[in-house]
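# Fold and contact review
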Amino acid sequence: MSDDRGVGHTTDTSTLLPVDEYRERISNLLAATRERHCPLDECLGLALAEDVTAPIPLPPFDNSAMDGYAVRAADVAGADSRHPVTLPVTADIPAGRVEIPPLEPGTAHRIMTGARLPPGAEAAVPVELTDGGTERVTVHRAVPEGSNLRRAGEDVTVGQVVLERGQTLGAAQLGLAAAVGNAELPIRRPPRVLVLSTGSELVEPGTELLPGQIYESNGTMLAAAVRQCGGEARLLRFVPDEVSELHAALAPHLAETDLILTSGGVSAGAYEVVKDALAGSGVRFDKVAIQPGMPQGSGHYEAAGYRVPVVTLPGNPVSSIVSFEVFVRPALRRAGGHRETRRPHRRVTLTETLRSPSGKRQYRRGSFDPEADAVTTSGGAGSHLLSGMAAADCLLELPEESTEVAAGSTVDIWLLSEN
Ligand SMILES: Nc1nc2c(c(=O)[nH]1)N[C@H]1C(S)=C(S)[C@@H](COP(=O)(O)OP(=O)(O)OC[C@H]3O[C@@H](n4cnc5c(N)ncnc54)[C@H](O)[C@@H]3O)O[C@H]1N2
Ligand code: MOO
């Protein structure tokens, strides 16, 4: 039975592995993935393998920032509502027009936003400050030289590094890569993760649930967590608590797997299939000084000439996702070439008093209030309380030495919504 610290009293904490040491061990388990070139629309969330430099400036040419008229500033210098200036319109320049006639003194060209500026033009007069004429245009207000223009290279210069190796490619980064002319980018291949749950009590969601059965949820959750951090997940759903079935499920996938990630079957019960199948064959089972997530396994799965890294997470759903966050996510980020391997951390004020188990680093689930720079827990400490995890936008990190953290004190949080 667990107390409200979310941990039973049976564990001798002096034998537990420190959290940071175990995280390091998992990170060292995975090799960096290979570099390859990838079309832009397949690069979202991946890490850049090389710096990207701009072969062209941005904007590539001087252009108008407004729909209106390209003019010489002196030609409209005296214009106001009582003394409008009228100029002949001698060309029409839509965006994309390549050949542009020069602007002669005393004339205007009608020009659209993004269209190349004609030689000789010094400003653009927005159409709202004119009568909108197409043969002749009457300008009601003077505009200073340089108004409403966008100069070549004012955003990006030729040779500038626009994206850096290790950067995670999001929407804006991919937009910039396209804007300077890249059809593809050098990226690091996402780590391929085989996700497998174990447990004879598990039933496919969407089917009937009999007494004693539960819907399988860890596989879906962990596969999504892998994808969210830039990995490629193959979800094998689940196998019953049978050692032979576990080996059979893994066999067809070993050639194209960088990490086998299991959940369940690693604690002290009579039917611990993961432990039974993997112990003594290159996988170590340890207890780590973390709550939730104490029983962990890691090493290499060796079969049919393959040697594939494996991490076995505990089956309790919150233990499973929290230990993914703490141990597996940083390893996958590093293997996939991402510069940022950790979630953003902040020090914020705790709104309530929390008890935590001595000798274990506890991760509680929380809601961060950026206005108050404060955090409140979402649900209790129990490792079965998945709805509190789903409501959370951060993890609270309570250190090993603390048994009580008072309301008003400062705690570390990891923001789950960013990066
Ligand atoms: N005598 C002891 N019992 C337990 C210990 C211990 O040290 N001594 N450790 C406890 C802790 S802490 C954890 S965490 C769990 C880990 O157990 P397992 O990894 O062996 O996981 P299971 O027993 O298979 O399942 C635990 C729990 O989670 C549910 N589960 C499992 N897989 C899934 C899934 N894919 N989807 C949804 N839910 C799943 C399962 O039904 C159980 O309720 O052990 C404690 N016990
Ligand atoms: O305390 Mo267990 O590790 O339920 O997670």
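If you're wondering where the values come from, they're calculated on a predicted model, not measured in any experiment.

Take the site of ligand 2 next. Taken together, 9 residues lie near ligand 2, and Pro292, Met294, Asn316, Ser319 and Ser383 sit nearest. Considered class by class, the residues forming the shell around ligand 2 number 4 nonpolar, 5 polar and no charged.

In this section: the packing of helix α3 (residues 218–228) against helix α6 (residues 317–335). Where α3 meets α6, the axes come as close as 10 Å, and the angle between the chain directions of the two elements is 25°. Taken as axis vectors, α3 and α6 run roughly parallel relative to one another. In the packing of α3 onto α6, the handedness of the crossing is right-handed. Note on element contacts: α6 touches α3 through Pro317, Ser320, Ile321, Phe324 and Leu332, opposite Asn218, Met221, Leu222, Ala225 and Val226. Class assignment for the residues of the contact of α3 with α6 results in 8 nonpolar, 2 polar and no charged.

Here the focus is the sheet that holds strand β20 (residues 306–313). If you trace the 6 strands from one edge of the open sheet to the other, you get β15-β12-β16-β20-β19-β17, paired in mixed fashion. The open sheet is flanked by β15 (232–239) and β17 (283–287), the only strands paired with a single partner. Within this sheet the neighbouring strands show an average axis-to-axis angle of 20°, counted without direction. Sheet topology note: the β17/strand β19 (residues 295–303) ladder contains 5 bridges and is antiparallel. Counted as the bridge partner of Arg284 is Ser298 from β19. Contacting β19 and β20, helix α1 (residues 19–29) runs over the sheet at an angle of about 20° to β19. Contacting β12 (192–198), β15, β16 (259–263) and β19, helix α4 (residues 243–250) crosses the sheet at an angle of about 155° to β15.

So, on to the site of ligand 1. Of all residues adjacent to ligand 1, which total 27 residues, the nearest are Ser197, Asn218, Gly264, Ser267 and Gly315. Mapped by element, the contributors of at least two residues to the shell around ligand 1 are α3 and α6. Here the shell around ligand 1 is composed, by residue class, of 10 nonpolar, 14 polar and 3 charged.

Another point: the nonpolar core. Counting 65 residues, the largest nonpolar core has Val195, Val226, Leu261, Val375 and Ile413 as its most contacted members. No other element matches the 10 residues that α6 contributes to this core. Counting the residues that make up this core, at least three belong to each of domain 1 (13–33 + 190–335) and domain 4 (345–415). Not counting chain neighbours up to four residues away, the residues in contact with Leu261 comprise Val193, Leu194, Val195, Leu222, Val311, Leu313 and Val328. Grouped together as the second largest cluster of nonpolar side chains are 23 residues, Ala108, Ile111, Ala121 and Leu129 included.

Parameters at a glance
- Residues numbered from 1 in each chain as written.
- Chains lettered and ligands numbered in written order.
- Predicted model: local features only at pLDDT ≥ 70, side-chain atom pairs only at ≥ 80, totals over all residues.
- Near = placed C-beta within 6 Å.
- Nonpolar A, V, L, I, M, F, W, Y, C, P; charged D, E, K, R; others polar.
- Axes fitted to C-alpha atoms, helices over the stretch in contact; angles between N-to-C directions.
- Helix = DSSP H or I, 4+ residues; strand = E, 2+ residues; numbered from the N terminus.
- Parallel < 35°, antiparallel > 145°, perpendicular 65-115°, else oblique.
- Left-handed = near helix turned anticlockwise from the far one by under 90°.
- Contact = placed C-beta atoms within 7 Å.
- Pairing = 2+ DSSP bridges.
- Core = buried A, V, L, I, M, F, W, Y, C linked by C-beta atoms within 7 Å.
- Buried ≥ 20, exposed ≤ 12 C-beta atoms within 10 Å, placed from the backbone.
- Domains from an automatic or database assignment.

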